[in-house]
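Single-letter residue listing:
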Amino acid sequence: IERDYGDFGAISPTGAQLSSSEVQGVLLLSDVYGPFTDNTQALADKIAFECQPIVVLAPDMFRGKAWTNDPVEDSAGVPRNEDGNSYDEWRKLHNERRVDVDIRAAAAVLRERYAVSSIAVWGTCYGGGRALEAASAWYPGGPASYYEDEFGDRQAPPHVDPIACISWYPTRYNARKLFGKTNEGFRTFEDGRDRRLAVMAIFAEIDDLQGATPEDAVLLKKCLEDDPRISDFMVKVFPGQKHGFAHAKLGVLEEFKNDCDSEGRFQGEDYGAPDGLVDTGGDAEVACLLSTAFMESYTRTFLPTVGTPIRDDEDARWSTLEMEGYQPREVQEVRAELERDIANYEDMKVDLTRMPRSMSPLLEGEGSDKLQEIETERERIRQKIIADYDISSDDDDATFDAKVAKARADGALDEMLLEAYFDEASGGYW
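Since we're looking at a predicted model, the values are computed, not measured.

What counts, and where the lines are drawn
Residues numbered from 1 in each chain as written. Predicted model: local features only at pLDDT ≥ 70, side-chain atom pairs only at ≥ 80, totals over all residues. Heavy atoms only, no water. Helix = DSSP H or I, 4+ residues; strand = E, 2+ residues; numbered from the N terminus. Expected span 1.5 Å × (residues − 1). Buried < 20%, exposed > 50% of the residue type's maximum accessible area, 1.4 Å probe, protein only. Polar contact = N/O pair within 3.5 Å; in protein donor to acceptor, adjacent residues only side chain to side chain. Core = buried A, V, L, I, M, F, W, Y, C linked by side-chain atoms within 4.5 Å. Pairing = 2+ DSSP bridges. Axes fitted to C-alpha atoms, helices over the stretch in contact; angles between N-to-C directions.

(A) Up close: helix H3 (residues 96-114). Over its 19 residues, H3 extends 27 Å from the first C-alpha to the last, a length consistent with the 27 Å expected when each residue adds 1.5 Å. Within H3, burial applies to Arg97, Arg98, Val99, Asp100, Val101, Asp102, Ile103, Arg104, Ala106, Ala107, Ala108 and Leu110. Capping of H3 at its N-terminal end is provided by Asn95; its side-chain oxygen lies 2.7 Å from the backbone amide nitrogen of Arg97. Ala115 sits one or two residues past H3 and shows a positive phi near 50°.

(B) Structural detail: the nonpolar core. With 41 residues, the main nonpolar core has Leu27, Leu132, Cys165, Phe179, Phe203, Leu220 and Leu224 as its most contacted residues. Contributions of two or more residues to this core are made by strand S3 (24-29), H3, strand S7 (118-124), helix H4 (126-136), helix H5 (175-178), strand S9 (197-206), helix H6 (214-226) and strand S10 (230-242). Formed by 31 residues, the second largest nonpolar core is a distinct cluster that contains Leu28, Trp168, Ala198 and Phe238.

(C) Just the environment of Met61, in detail. Mapped onto the secondary structure, Met61 falls in the loop between strand S4 (54-57) and strand S5 (72-73). Residues Met61 and Gly127, spaced 66 residues apart in sequence, show a C-alpha to C-alpha distance of 9.0 Å.

(D) Representation of unusual backbone geometry in the model. One non-glycine residue, Arg63, lies in positive phi territory at about 50°. Positionally, Arg63 belongs in the loop between S4 and S5. A positive phi is found at Asp390, a non-glycine position, where the angle reads about 55°. Position of Asp390 among the secondary structure elements: in the loop between helix H10 (369-388) and helix H11 (397-410).

(E) Main features of the sheet that holds S7. The strand order S4-S3-S7-S8-S9-S10 describes an open sheet built from 6 strands, whose pairing is parallel. Each end of this open sheet is capped by a strand with a single partner; those strands are S4 and S10. Across the sheet, the mean angle separating the axes of adjacent strands is 15° when strand polarity is ignored. Across 9 bridges, the pairing between S9 and S10 is parallel.

So this is what it looks like as structure tokens:
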């Protein structure tokens, strides 16, 4: 986590300037499947790689009891986990107050153990809703619940106090309570300073989960606009995408990269693309790049971001909900295209009549009489020169060169050229 950069700063991969003593902390709050899935771990690696120097901490909000990846439907068609609990029953096992305390404890670990200079909270799905709550310093039990840990005899950990929040398709939160003029969150940071932070949220157009719909995106954007604690924000809805699009395939991609050798890359579906990897049409990468750039812009304390906020963007390119100029990328089925072309292949004969005809009288047809006459005369002259100048295959190089030089000086070789014909079509002599 150490970086040898001078105090004048250097440019990071996302364009933010760094200090040698500055290390960011990112609190990554997972979806309901927990922090140990391939997708969440791949996202953590991606953030750490693109925003270094950085510490990414993904706490286990479910304490080893995440929702199952393989629910089984009962006789009534209700999906249940391995303990026989439905989703709602499983959610009740994870008290909101307890989850809140664990998130705050994780933030304290970032500050105390890793001495991070700033914290950003980043959440996906369920974690996205909790990230927004942590950003607002809103607590399920109300402001009074901040001070006491109802699951222990000690004071609860301090606020998370992020200065940037990234929320991907957040679920089960109340935007009006978190943000807006009448929000129920804390107005100050732990140290008494006025709470100021930047918030970015990503939504999918085809999403009907509570809190993650396009209508929820509109409401969240309006609440952020009206909240004096928000220094800047960006809310984007990706057309044609579904819930989880930005990280649901990251684990598949990482596994595919690790398993592929130089030849195996071209043996998978569509010559290298595992099933489902191209479903997002590149939007997953766009969402991640936008999010990391936004986060780095507002979490660097060495050289804080200055200039016009995104919310006040003059051409409204980034302040609008929908991605401007977005064109969904069609999935290219390379194998299907090749098979279709092979099936429809028709052999064609070369039509030589379409080639430009030469103007040379020597190309009037195969075995032209004129060409044969010239070749016969050339051979007669060659034999005469060999006889007149006593040229033999037994001559060494020096003797041969001397005899040819004598023939050239006498003009005997000139007769070998005969009468040249210039072909304007080809630009050459015949």
